[in-house]
Amino acid sequence: METLRNHIQGEWTASASTDTLPVENPATSETLAQVPIGPDTAADVNAAVAAAVTAQRAWRETPVGDRVQPLFRLKLLLEEHREDLARTITLECGKTIGEARGEMQRAIENVEVACGMPVLMQSEFIEDIARGIDEFMIRQPVGVGCCIAPFNFPGMIVFWFLPYAVACGNGFIIKPSEKVPLTMVKVFELLDQCGFPKGLINLVHGGRETVDALLEHPDIKTVSFVGSSTVARQIYAKASAHGKRVQAQGGAKNPIIVLPDADLEMAAKIVGDSVYGCAGQRCLAASNIVTVGDEKGDVRDAILAAAESKRTGFGLDDAVDMGPVISAESKARVESLIAQGIQEGAKPVLDGRGASIDGYEKGHFVRPTVLEDVPLDGDLVRTEIFGPVMSLLHLKTIDEAIDFINGGAYGNMACLFTSSGAHARAFRYRAQAGNIGINIGVAAPMAQFPFSGWKESFFGDLHGQGKHAVEFFTQTKVVVERWPKEWSRQF
Ligand code: NAD
């Protein structure tokens, strides 16, 4: 069984740690590889940071137009190898091949946006801010940064940060989730062919101890984290205490409100896709579906039908709509949260527990689940499940629905289905979430826009993607200049 190697200073190198964890195919429980973990990975972090610091010194003097050339090559290579990368995502993460292809598309779009860095990095200049004095602001790279990634998007999330970091002139270190490290191994095989200087971008495998070593290292200047809110909060506190810039994206409990004037057929289909896409393991997966009005009406039945229609199975099978959850532990947690919801008083109108899929009996499958009338004063309605579970709720007015959203701890996404512009505007104006969808079920910002997130879903100031990433990966320097005319020699 292969033990994964790090990629440091342009070479595949064995970890200093001999402790490993199995990387599992969640559809079969088959072990795909062993990934290094443990306190000894701190030595790997030290080697990676040293390589990046050296490479970054020359890289920051490389003109920005030259810095983006390897990104153009990367875009082409990612497109050429998209199918292989998508298959790897499905094998280690479980999502369907269609979802995995979509994930890689979003990664590529971030590379495309970062290719515009010669324009994006431009700054401000004003002549005669005072008589004979000019003032301008320049953006300079921050140094070496790191990305600590979650398991649910093994290919995409790193690209919310990496292309911007290097195009801005920084070095970068990637620590993928120990549950899904194989996709990044393939990405590094492509990065090797792009023409980046050796050591500028490094891959270090590991878990919590590896992260600690990154957060404590004095030469790491920026930390880009995506994962659960509990860990995001800790990362934010620790990295800030060590004087680093931090962007820490956390968990979610996303609501979708369906008004009686919505296109119900469209809403039901999109709600089903949002809740059950990636088996609910998306930070933008809808979880609480709130119907509004005097009666629940037809929308409840249409949503239920959409849930029932989802086929669960192995993600490489084209006929499958939904793959497994990531691990046996995750399956047990999701099933126990379903039980908790029922205990709190919810009705299980569709119960996906105890699923067994022919030919994949060892897989970690949970079928689509719908809990109806989930109590608003219970715990489940506010708990991130991160599995294919829909809570169906009913409220009388849009104001009650918006108050319900704003009463939650998270603020990653909130969506509304309606045909009324006035309701849409009121919702956009008042809902406390960083990503808003109007007649959209997964309001994922495209690469040009920041991946926003509010409240417990985000710790920091500047998000990943687009102009926020450019600001995060540069520090501004303001220069005030006086060049008196009398100092000029006359020619
Ligand atoms: P996680 O928090 O368990 O792990 C994320 C990363 O942190 C991994 O690389 C892991 O090795 C590391 N880590 C875990 N525990 C740590 C600790 N105690 N100290 C230091 N590092 C630690 O998250 P996950 O289970 O991999 O991902 C799922 C979570 O990520 C969900 O909550 C989901 O909502 C969230 N997520 C958020 C976004 C977003 O943009 N807001 C996007 C994707 C996923």
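### Concerning the pairing of strand S18 (residues 413-417)
It is a general feature of regular strands that their side chains alternate between the two faces of the sheet. For S18, the buried fraction is high: five of the five residues fall into the buried class. Here S18 shows a buried face lined by Met413, Cys415 and Phe417 and a second buried face lined by Ala414 and Leu416. Bridge count between strand S12 (residues 254-258) and S18: three bridges; the pairing is parallel. Along S18, the bridge assignment pairs Ile256 with Cys415. Note: S18 against strand S19 (residues 435-438), four bridges, orientation parallel. Among the inter-strand pairings, Cys415 is bridged to a residue of S19, identified as Gly437. This β-α-β element, S18 to helix H15 (residues 421-430) to S19, shows right-handed connectivity.

### Overview of the domain arrangement of the protein
Along its sequence, the protein is carved into domain 1 (6-250 + 457-478) and domain 2 (254-438). Distance between the C-alpha centres of domain 1 and domain 2: 31 Å. Buried surface at the junction of domain 1 and domain 2, summed over both partners, amounts to about 2000 Å²; 63% is from carbon and sulfur atoms. Where domain 1 packs against domain 2, one counts zero salt bridges. Where domain 1 packs against domain 2, one counts eight residue pairs in polar contact (both at pLDDT 80 or more).

### Notes on the packing of aromatic side chains
Counting across every chain of the model gives nine aromatic pairs. Where Phe472 meets Phe473, the ring centres are 5.1 Å apart and the plane angle is 90°; that geometry is what we call edge-to-face. The pair Phe472 / Phe473 is uniform in exposure class, with both members buried. In this structure an aromatic cluster arises from ring pairing among Trp160, Phe161 and Phe451. Directly above the aromatic system of Phe153 lies the positively charged group of Lys95, at a separation of 3.6 Å from the ring centroid.

### Description of the sheet that holds strand S14 (residues 347-350)
Strand order in the open sheet made by the seven strands is S14-S15-S16-S13-S12-S18-S19, with mixed pairing throughout. With partners counted over all chains shown, the strands left at the sheet margins are S14 and S19, one partner each. Across the sheet, the axes of successive neighbouring strands diverge by a mean angle of 20°, strand direction being ignored. The pairing of S14 with strand S15 (residues 369-372) spans three bridges and is classified as antiparallel.

Conventions we followed
Residues numbered from 1 in each chain as written. Predicted model: local features only at pLDDT ≥ 70, side-chain atom pairs only at ≥ 80, totals over all residues. Heavy atoms only, no water. Buried < 20%, exposed > 50% of the residue type's maximum accessible area, 1.4 Å probe, protein only. Helix = DSSP H or I, 4+ residues; strand = E, 2+ residues; numbered from the N terminus. Pairing = 2+ DSSP bridges. Right-handed = clockwise from strand over helix to strand, strands pointing away. Domains from an automatic or database assignment. Buried area = accessible area lost by both parts, 1.4 Å probe. Salt bridge = Lys/Arg side-chain N within 4 Å of Asp/Glu carboxyl O. Polar contact = N/O pair within 3.5 Å; in protein donor to acceptor, adjacent residues only side chain to side chain. Phe/Tyr/Trp six-rings, centres within 6.5 Å; stacked < 30°, edge-to-face > 60°. Lys NZ or Arg CZ within 6 Å of the ring centre and 35° of its normal. Axes fitted to C-alpha atoms, helices over the stretch in contact; angles between N-to-C directions.

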